[in-house]
Amino acid sequence: MLAPREGIPPVITDDAALAEVIAAFAAGTGPVAVDAERASGYRYGQRAYLVQLRREGAGSALIDPVACPDLSGLGEALSGVEWVLHAATQDLPCLREIGMVPTRLFDTELAGRLAGFPRVGLGAMVENVLGFVLEKGHSAVDWSTRPLPEPWLRYAALDVELLVDLRDALEKELDRQGKLEWAWQEFDAIASAPPPEPRKDPWRRTSGMHKVRRRRQMAVVRELWQTRDRIAQRRDVSPGKVLSDAAIVEAALALPADAHALAALNGFGPRTGRRQLEQWQAAVDRARALSEAQLPHPGQPVTGPPPPRAWADKDPVAAARLSAARAGVSALAERLNMPQENLITPDTVRRVCWEPPRPAGPESVAAALVGYGARPWQVEQVTPVLVAALASDGSEAV
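Reading the values: the criteria
Residues numbered from 1 in each chain as written. Predicted model: local features only at pLDDT ≥ 70, side-chain atom pairs only at ≥ 80, totals over all residues. Heavy atoms only, no water. 1 Å grid on protein atoms, 1.4 Å probe; cavity = no way out; pocket = protein on both sides within 12 Å on 5 of 7 lines; lining within 4 Å. Points joined across faces, edges and corners; volume = space filled by probe spheres on them. Helix = DSSP H or I, 4+ residues; strand = E, 2+ residues; numbered from the N terminus. Nonpolar A, V, L, I, M, F, W, Y, C, P; charged D, E, K, R; others polar. Domains from an automatic or database assignment. UniProt positions renumbered as here; feature names shortened; annotations may be inferred. Pairing = 2+ DSSP bridges. Contact = heavy atoms within 4.5 Å. Axes fitted to C-alpha atoms, helices over the stretch in contact; angles between N-to-C directions. Expected span 1.5 Å × (residues − 1). Buried < 20%, exposed > 50% of the residue type's maximum accessible area, 1.4 Å probe, protein only.

Per an unreviewed UniProt entry, the chain goes by Ribonuclease D and derives from Streptomyces prasinopilosus.

So, in structure tokens, the structure goes:
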């Protein structure tokens with residue numbers, strides 16, 4: 001089993017030690033491996049509870065962002081340096097919160113997808129590409145625990161131990177396959193992407209929401225979800241630890257008249273205190289008291305094409321175009337040995353097929369793809385496939 005080369009570095013918890021790390025990493029050479037550990041499922045939000053770094057000439061560092069919440073000085077010291085991350089889009093939001101924003105990056109997970117590896121988790125990639133076995137078992141622990149146990153810290157240090165080596169091997173493999181320029185375009189798009197917009201009506205993503213049909217019941221889901229979210233944020237715990245999605249849906253379907261009826265439902269059993277029951281029932285009562293005009297409407301306003309299952313009824317010709325486009329994209333992705341969604345997003349394909357440019361020639365289709373955010377390499381590869389699909393009358397797309 002692999003072990004950190006210099007042993008487990010001490011966790012940085014004060015400004016003086018942080019200043020030493022900043023100086024060491026600024027003086028290092030080559031790319032810097034970066035990782036962050038969150039406490040998903042335990043704490044509210046997605047903040048970082050440990051940041052790990054490794055760079056040639058600086059060694060490894062473990063930083064506690066609870067004790068050192070402003071790492072903008074470190075981020076500035078590494079500005080212009082290539083950051084190596086695995087599944088960058090997962091870590092970038094929590095790194096951005098503490099002042100760490102890369103200008104250049106290499107994403108080893110995305111590189112693995114583009115190179116056609118069937119398993120792209122960090123452990124699988126390190127084993128398949130470099131032949132080392134990483135320690136497993138601590139990815140889903142509560143990283144907000146203090147002090148962090150030594151086995152967890154060893155696991156965390158190993159996450160960046162071989163990341164630059166993996167990056168170098170994947171760069172060679174992508175170059176061999178003629179995909180390296182494609183990868184750089186993808187990495188640049190991630191590094192330059194703005195922070196995502198807050199999700200509209202997040203309560204609609206409650207698990208089991210498909211069972212909730214009536215608007216009054218939807219209002220109960222909304223009230224319970226929002227009440228739970230406020231409590232979870234105040235307590236700094238995962239919302240699911242306050243009240244489960246299943247319990248929210250159960251209450252919405254039952255529309256209990258009082259706390260006694262609520263207590264009889266799954267998720268609100270004998271372990272739920274009277275005060276808690278009353279606060280959940282108050283949320284139900286607020287939803288019951290709303291006027292018809294105040295009730296939420298089913299679904300969210302659709303800004304793009306309708307769901308593909310509705311195309312055959314709404315526009316059979318568009319459905320035929322989509323079928324031909326999907327088949328063409330699938331075949332091209334197979335030839336290029338990469339997942340379809342990395343070749344072009346399904347949403348982009350749907351939008352082009354629902355409202356195709358007229359005339360649907362190579363230039364207009366390419367311009368449409370650029371408008372939907374496709375990278376140059378994607379435009380070059382996918383345009384011929386979509387031009388052929390948009391010319392289809394459906395006869396070859398059965």
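K.L.:
Would you take a moment to explain the layout of surface pockets for this structure?
P.N.:
Estimated volume of the largest pocket: approximately 900 Å³. If you trace the largest pocket, you find 24 residues lining it, with Tyr44, Gly45, Gln46, Arg199 and Pro202 closest to the centre. Broken down by secondary-structure element, the contributors of at least two residues to the lining of the largest pocket are α3 (88-97), α9 (215-235) and α10 (239-242). Counting residues per element, the lining of the largest pocket draws most heavily on α3, which supplies four residues. By residue class, the composition of the lining of the largest pocket is eight nonpolar, seven polar and nine charged. Each of domain 1 (11-192) and domain 2 (202-289) gives at least three residues to the lining of the largest pocket. By volume, the second largest pocket is sized at about 620 Å³. Within the residue set of the lining of the second largest pocket, elements represented by two or more residues are β2 (29-38), α3, α5 (122-130) and α6 (150-161).

K.L.:
Explanation requested: the UniProt feature "domain: HRDC" (unreviewed entry) in the chain in the structure shown.
P.N.:
Annotation from UniProt places "domain: HRDC" (unreviewed entry) at residues 214-294. Split by type, residues 214-294 is 68% helix and 0% strand. Its first and last C-alpha atoms lie 13 Å apart.

K.L.:
Looking at this structure, I do not really get the sheet that holds strand β1 (residues 11-12). What am I missing?
P.N.:
Sheet strands pair via backbone hydrogen bonds, and the direction of the pair is either parallel or antiparallel. With mixed pairing, six strands are arranged side by side in an open sheet as β1-β4-β3-β2-β5-β6. Each of the sheet's edge strands pairs with one partner strand only, and the pair in question is β1 and β6 (104-107). The pairing of β1 with strand β4 (residues 59-63) spans two bridges and is classified as parallel. Looking at the pairing, Ile12 lines up with Ile63 of β4. The strands that helix α4 (residues 108-115) touches are β5 (82-85) and β6; relative to β6, the one it contacts most, it runs at about 55 degrees. α6 rests against β1, β2, β3 (48-56) and β4 of the sheet, and its axis sits at about 45 degrees to β3.

K.L.:
Could you clarify how one ought to interpret empty space enclosed by the protein in this entry?
P.N.:
Picture a little ball the size of a water molecule; that probe, rolled over the atoms, points out where space is still empty. With the rule as written, the count across this model stands at one cavity of 30 Å³ or more. By volume, the largest cavity amounts to about 40 Å³. Every residue along the wall of the largest cavity is listed here: Leu92, Arg96, Val101, Pro102, Ile190 and Ala191. Residue composition of the lining of the largest cavity, by class: five nonpolar, no polar and one charged.

K.L.:
In this structure, what is going on with helix α15 (residues 316-336)? I would like to understand it.
P.N.:
Because an α-helix packs 3.6 residues into every turn, residues spaced three or four apart end up facing the same way. Here α15 is 21 residues long and its end C-alpha atoms lie 30 Å apart, about the 30 Å a rise of 1.5 Å per residue gives. Of the residues making up α15, those classed as buried are Ala318, Ala320, Arg321, Leu322, Ala324, Ala325, Gly328, Val329, Leu332, Ala333 and Leu336. Looking at the packing, one finds that the buried side of α15 touches α8 (180-192), α14 (311-314), α16 (340-343), α17 (346-354) and α19 (376-390). One or two steps after α15, the chain reaches Asn337, where phi turns positive at roughly 60 degrees.

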